[in-house]
Amino acid sequence: MREDVRMVQVEDLGGTWELRVGSHGPLLPRARALVGVTVPARVPGCVHTDLMNDGRLEDPFRDDNETAVAWVGRTDWRYSREVTWNGPAPERLDLVFEGLDTVAAIDLDGVALGATRNMHRGYRYEVTALLDGVPRQLTVSLTSAYTETARVRELLGPRPNAYPEPFNLIRKMACGFGWDWGPTLVTAGIWRPVRLEGWSTARLAAVRPLATYEDGGRLDVAVDVRRTRDRDLRARVLLDGREIAELDLPGGATVAHAVVDAGEVTPWNPRGYGEPALYDLSVELLDGDRLLDRWRRRTGFRTVEIDLAGGGFVVHVNHEPVLVKGVNWIPDDIFPARMSRKRYERRLREAADAGVNLIRVWGGGIYEDGAFYEICDELGLMVWQDFLFACACYPEEEPLYSEVVAEARENVLRLAPHPSLVTWCGNNENLWLREPSGWPGQPGGELSWGERYYLETLPAIVAELDPSRPYQAGSPWSGSWEQPPNDPDHQTHHSWEVWNRRDYRHYRDSAPRFVAEFGWQAPPAWTTLRDAVSDEPLLPDSPGVLHHQKAEDGNGKLARGLAPHFGEPASTEAWHYLTQLNQVRAVRTGVEHWRSHWPHTGGTILWQLNDLWPVTSWAAIDGAGRHKPLYFALRELYAERALTIQPRDGVLVVAVLNDHPAAWTATLLIERQDAGGAVCATATERVSVPGRSVALVPVPAAVADFGDPAAELLVARLDEARALWFAARDRDFSYGDPALTVDVEPVLGGLDVHVHAAALVRDVLLQPDRVHPEAVVDRGFVTLLAGESAVFHVRAPVELDAGLIEAPWVLTDLSSVLRR
């Protein structure tokens, strides 16, 4: 919870504004057609959404409309509205922009207030002249980001990057220029709130609390004030309404600092490791007994360290090692002004419900809204925050250097109160990609490229403003230039060689110290794909489908990934099913293997949780918010207790994965059985696996020795956990008739679909969006052994027709797909 209850008077300037084409520079034909036209606009917002809302722009997510709307990003725009001050007269009146996208000139009745060149920071301008009560025209003129990047290129020279657009020459959301999962939709607008603030005597300009835990709470609090008068002031610090400190600010002083013993508090803990305890923290600025300003947040007390001993990378919270079960987060909308607290909460709760305990905010996006971090605080989701540099060389000279410093300082101060934030990271892949990508030999590659930011500027800012959290120079990073940045044996590693070039079984070839990125692609849900692509017939390589596949040779990699396991799909529907299954198989192979190496491997961060438009990608939740089968697989892969059968040193072992604080003591049953359920060999062993640890139990040779690999499988059971191992590829396994029976039961809110198998049936999938666009289901792929049953709970806001479960591809399984 954030609250700024102030004697400072606030007038929100959000809501209705007017949007027009800018008056400078040559215009493309569609922009020329809008000259003289006033478009109703909403602030916060952006030009694309304002034009769409007014019916003047086609849906950029549909077919190849992304290309047709490219003119918007190459046009200058102007937002305007009348403003006046209607409240009591303060001594000072400020105009505050929390975010401008990006290159803006602000004027009031023709008087220039300032200019901006950074989407990732806020701006404040004095407008005390408004106190006369006369309405004035406020105008924000936005220059195309392409115009600005051309200017910077002329000043500083070119810089190599991983994609064709100039995102590295401007402080703006990089992925808006296009990525290997995202469209090129270069935005402009007033993307965060704007307001007038009236204040007298003094106001709180910044409050930076660092709350740590060491046998009790410790609060390192710094206060920064702005003044109109040199009076003696004081700042009271309150924790849950209890005063724990008072800071003096004698006449003229603008900063105060104190380290306070907060007494007995319950520490904040990450998900699965205890309560994420939060406290109300308030700072009140007073002139005598008169309240001038109040700052309030929810915060928590915890201590964070990263154990790097021996090249490792193990996160410790409150001195306890934490197995990281993470996901990478990209902006959830290509138009981030559309994000709301409700949407953040839905997406982050989905992550938590999948067993995730860490969210990495990736460096090609944005510093998210405060609501994102507040919800992570509440849910016990740790946050790894990249500074916003990704996949490129970045100039270190002006006019960019001072913008980077200002942006970093502002966001470190803004995010420091959040206990969920556990580490800062200097960049995404820039230290790694420079040499393998050959950037030094490309135009501009001999110039400054960002190393100074990651190894000097940013760590110095973090050391000054937020020494309570560890800083990493980049991801991946081996700790120094003595080893290659992506060395799997030193600190963080990005595992992309397998997706790009090899079968997913090769994930088992190494055990990196920490896997900060890895993933496998699949298309979005069927309805998401059909809503975005009008191709008839719809084919994996039809134009609209390929337009929504942004990865280099993405469909080729999907096909090569399928071939060893399933062969060539017989139809588009089969391709859709099998690619989603292969995504689950690949991610399962990686996570289970790496988890079995804990604590040598300190954790995994899946690429990626979410999408920002409908696209074939690595996401678990697609661009329409529908769950791909991978989402449900994460619940199993990131469960506190799980089993997996792994090849290790030439034999098979059962890895007992116990991420629960208590020991896991039970009898492990290992069977080799045929598809009909007949047991060919069996073994049992009593195991007791300490909390937060892994045990490897060899599979006895008599059980592991397959009589017919094409007809048998291994099954391991421990309490409710189960693991399967098939020695044969899917295309070579002898699937018989599972005699699958399906019973559909109408229930309040939807359907319960009961499935029973008389023999082995692999990867039964119910696709709820094929029943109704708003229908959801509670599980993904389900494998049933002989005699087993499962229930798919399908829910929707409308009454569902039970007969639709029998429609093609609504409910299917692997053997039926391979037979088609």
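See the structure shown above.
Residues numbered from 1 in each chain as written. Predicted model: local features only at pLDDT ≥ 70, side-chain atom pairs only at ≥ 80, totals over all residues. Heavy atoms only, no water.

Draft legend 1. The nonpolar core, seen in detail. Within the largest apolar cluster, 190 residues are counted, with the highest numbers of intra-cluster contacts made by Trp-17, Leu-51, Tyr-79, Val-140 and Phe-372. At 10 residues, helix 14 (residues 572–595) tops the list of elements feeding residues into this core. Setting aside residues no more than four positions away along its own chain, Trp-17 makes contact with Val-39, Pro-40, Ala-41, Val-43, Tyr-79, Ser-80, Arg-81, Leu-138, Val-140, Ile-190 and Val-194. One finds Val-207, Ala-211, Val-221 and Ile-244 within the second-largest nonpolar core, a separate group that totals 29 residues. (Core = buried A, V, L, I, M, F, W, Y, C linked by side-chain atoms within 4.5 Å. Buried < 20%, exposed > 50% of the residue type's maximum accessible area, 1.4 Å probe, protein only. Helix = DSSP H or I, 4+ residues; strand = E, 2+ residues; numbered from the N terminus. Contact = heavy atoms within 4.5 Å.)

Draft legend 2. Layout of helix 13 (residues 554–566). For helix 13, built from 13 residues, the straight-helix expectation of 18 Å at 1.5 Å per residue is met to within 8% by its first-to-last C-alpha distance of 18 Å. In terms of burial, helix 13 is largely enclosed, as 10 of its 13 residues are buried. Contacts made by the buried residues of helix 13 are with helix 10 (497–501), helix 12 (543–547), helix 14 and helix 17 (814–819). Immediately beyond the C-terminal end of helix 13, within one or two residues, lies Gly-567, with a positive phi of roughly 80 degrees. (Expected span 1.5 Å × (residues − 1).)

Draft legend 3. Main features of the environment of Val-255. Among the secondary structure elements, Val-255 is positioned in strand 18 (residues 255–263). Accessibility expressed as a relative area gives 57% for Val-255, which makes it exposed. Sequence spacing of Val-255 and Glu-451 is 196 residues, and the spatial spacing of their C-alpha atoms is 32 Å. Val-255 has contacts with Val-223, Asp-224 and Leu-249, leaving out every residue within four places of it along the chain.

Draft legend 4. Broad picture of the pattern of salt bridges. Under the defined criterion, the tally for this structure stands at 61 salt bridges. Where Arg-501 meets Glu-497, a salt bridge forms, and the shortest distance between an N and an O atom there is 3.1 Å. One end of the pair is Arg-501 and the other is Glu-497, both in helix 10 and 4 residues apart, which spans about a single turn. A salt bridge links Glu-788 to Arg-717, with the shortest nitrogen-to-oxygen separation between them at 3.7 Å. On the criterion of sequence distance, the pair formed by Glu-788 in the loop between strand 43 (782–784) and strand 44 (789–795) and Arg-717 in strand 37 (residues 712–718) is long-range, its members being 71 residues apart. On the basis of relative accessible area, Arg-717 is assigned to the partly exposed category, the value being 29%. A single network of salt bridges, built from pairs that share partners, joins Arg-92, Asp-94, Glu-98, Arg-124, Glu-126, Arg-195, Glu-197 and Arg-203. (Salt bridge = Lys/Arg side-chain N within 4 Å of Asp/Glu carboxyl O.)

Draft legend 5. Representation of helix 14 in the model. The end-to-end C-alpha distance of helix 14 is 34 Å, a good match for the 34 Å that 24 residues give at a rise of 1.5 Å each. For helix 14, a buried count of 22 out of 24 residues is recorded, marking the element as mostly surrounded by other parts of the structure.

Draft legend 6. Region of the structure containing the environment of Asn-610. Looking at where Asn-610 falls in the secondary structure, it is placed in the loop between strand 31 (603–606) and helix 15 (629–637). Remark: the alpha-carbon pair of Asn-610 and Gly-625, spanning 15 residues in sequence, is separated by 8.0 Å. Beyond its immediate chain neighbours, meaning those up to four positions away, Asn-610 contacts Asn-328, Trp-329, Ile-330, Pro-331, Asp-332, Arg-347, Ala-619 and Ile-621. Within the structure, the side chain of Asn-610 is placed 2.8 Å from the backbone oxygen of Ile-330, a separation counted as a polar contact. (Polar contact = N/O pair within 3.5 Å; in protein donor to acceptor, adjacent residues only side chain to side chain.)

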